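# A closer look at the structure
Residue-level listing of the chains:
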Amino acid sequence: MKHKTAFITGAAKGIGRATAVALSASGCHVILTDIDQNALDQTKTEIEKSGGKATTYLLDVSNQEQVNTVHQQALKEHQRIDYFVNNAGIGGTLAPIHLMTADNWNNVINVDLNSIFYCLQAQINILLPQGGGNIVNVASLAGKKGVMAGSHYSAAKHGVIGITKSAAIEYGAHNIRVNAICPSFLETDIIQAVPKQILDFVKEHRVPLKRHGKAEEAGETIKWLLSDQSSFVNGHALVMDGGMNAG
């Protein structure tokens with residue numbers, strides 16, 4: 001991965017930050033995007049202190065015009081982008097369907113699903129002329145099963161898996177691989193909205209490994225999917241849940 005360039009959304013914290021650190025350690029110049037400039041700067045500083053190279057851009061992935069502009073700015077500055085990681089997302093406010101507000105529903109769909117379409121469209125238009133590249137979308141175990149009081153999040157992540165598979169079929173012949181990861185509960189900010197008793201119950205009674213995952217584990221998984229070590233993996237939604245969905 002030396003001398004490659006990777007573009008990461010939601011790179012300020014959590015999975016995005018961990019992915020940026022992992023890719024930088026492998027020699028990538030990482031392009032960090034997020035809506036939180038202060039946290040972006042902290043991630044950039046962390047990477048540079050370790051000898052890596054990072055560039056930051058503010059980006060609201062739910063804004064298609066902004067998505068297109070930032071991708072083109074990054075391409076102009078770096079000439080080539082080899083890897084894309086579409087990680088930015090939110091959990092939304094938990095509510096059963098009959099109490100779900102339209103604003104809550106639309107906000108999650110816009111940030112977690114529509115953004116993937118916007119980003120993929122911009123990224124494919126970069127990768128086609130340069131002869132290929134790799135993309136990983138961050139979905140969720142919620143994209144493979146229903147979620148109590150989280151229909152908006154589950155619907156969005158099911159959609160992420162669907163568009164990942166479609167993109168893999170459409171662009172595999174152009175040397176573009178598109179995959180997804182489907183983590184369960186990871187120790188990141190997004191699970192703060194989940195009641196502690198639910199998190200504890202899941203850890204003790206649903207996850208055979210008896211723990212929640214770490215952002216760093218997701219970052220290493222994404223790095224593998226982007227690398228040549230997974231060169232025949234395409235259109236796959238890789239579950240990483242400690243065995244939660246095995247039985």
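Quick look at the structure, then. Predicted model only: the values in this text are computed from it and were never measured. (Residues numbered from 1 in each chain as written. Predicted model: local features only at pLDDT ≥ 70, side-chain atom pairs only at ≥ 80, totals over all residues. Heavy atoms only, no water.)

### A closer look at the packing of aromatic side chains
A full pass over the atoms with the stated rule returns two aromatic pairs. When the ring of F7 is compared with that of F84, the centres are 5.7 Å apart and the planes differ by 50°; the resulting orientation is tilted. Residue F7 is found in strand β1 (residues 5–9), and its partner F84 is found in strand β4 (residues 83–86); the two are separated by 77 residues along the sequence. Accessibility classification places F7 together with F84 in one group, the buried group. (Phe/Tyr/Trp six-rings, centres within 6.5 Å; stacked < 30°, edge-to-face > 60°. Helix = DSSP H or I, 4+ residues; strand = E, 2+ residues; numbered from the N terminus. Buried < 20%, exposed > 50% of the residue type's maximum accessible area, 1.4 Å probe, protein only.)

### Regarding the nonpolar core
Within the largest apolar cluster, 31 residues are counted, with the highest numbers of intra-cluster contacts made by F7, I81, F84, I135 and V178. Mapped by element, the contributors of at least two residues to this core are α3 (64–78), α4 (102–130), α5 (151–171) and β6 (176–183). Counting residues per element, this core draws most heavily on α4, at eight residues. With sequence-adjacent residues up to four places away left out, I135 is seen in contact with F84, N86, L120, Q123, I124, L127, I176, R177, V178, N179 and L226. By size, the runner-up hydrophobic cluster in this structure holds 25 residues, among which are A11, A20, V30 and I222. (Core = buried A, V, L, I, M, F, W, Y, C linked by side-chain atoms within 4.5 Å. Contact = heavy atoms within 4.5 Å.)

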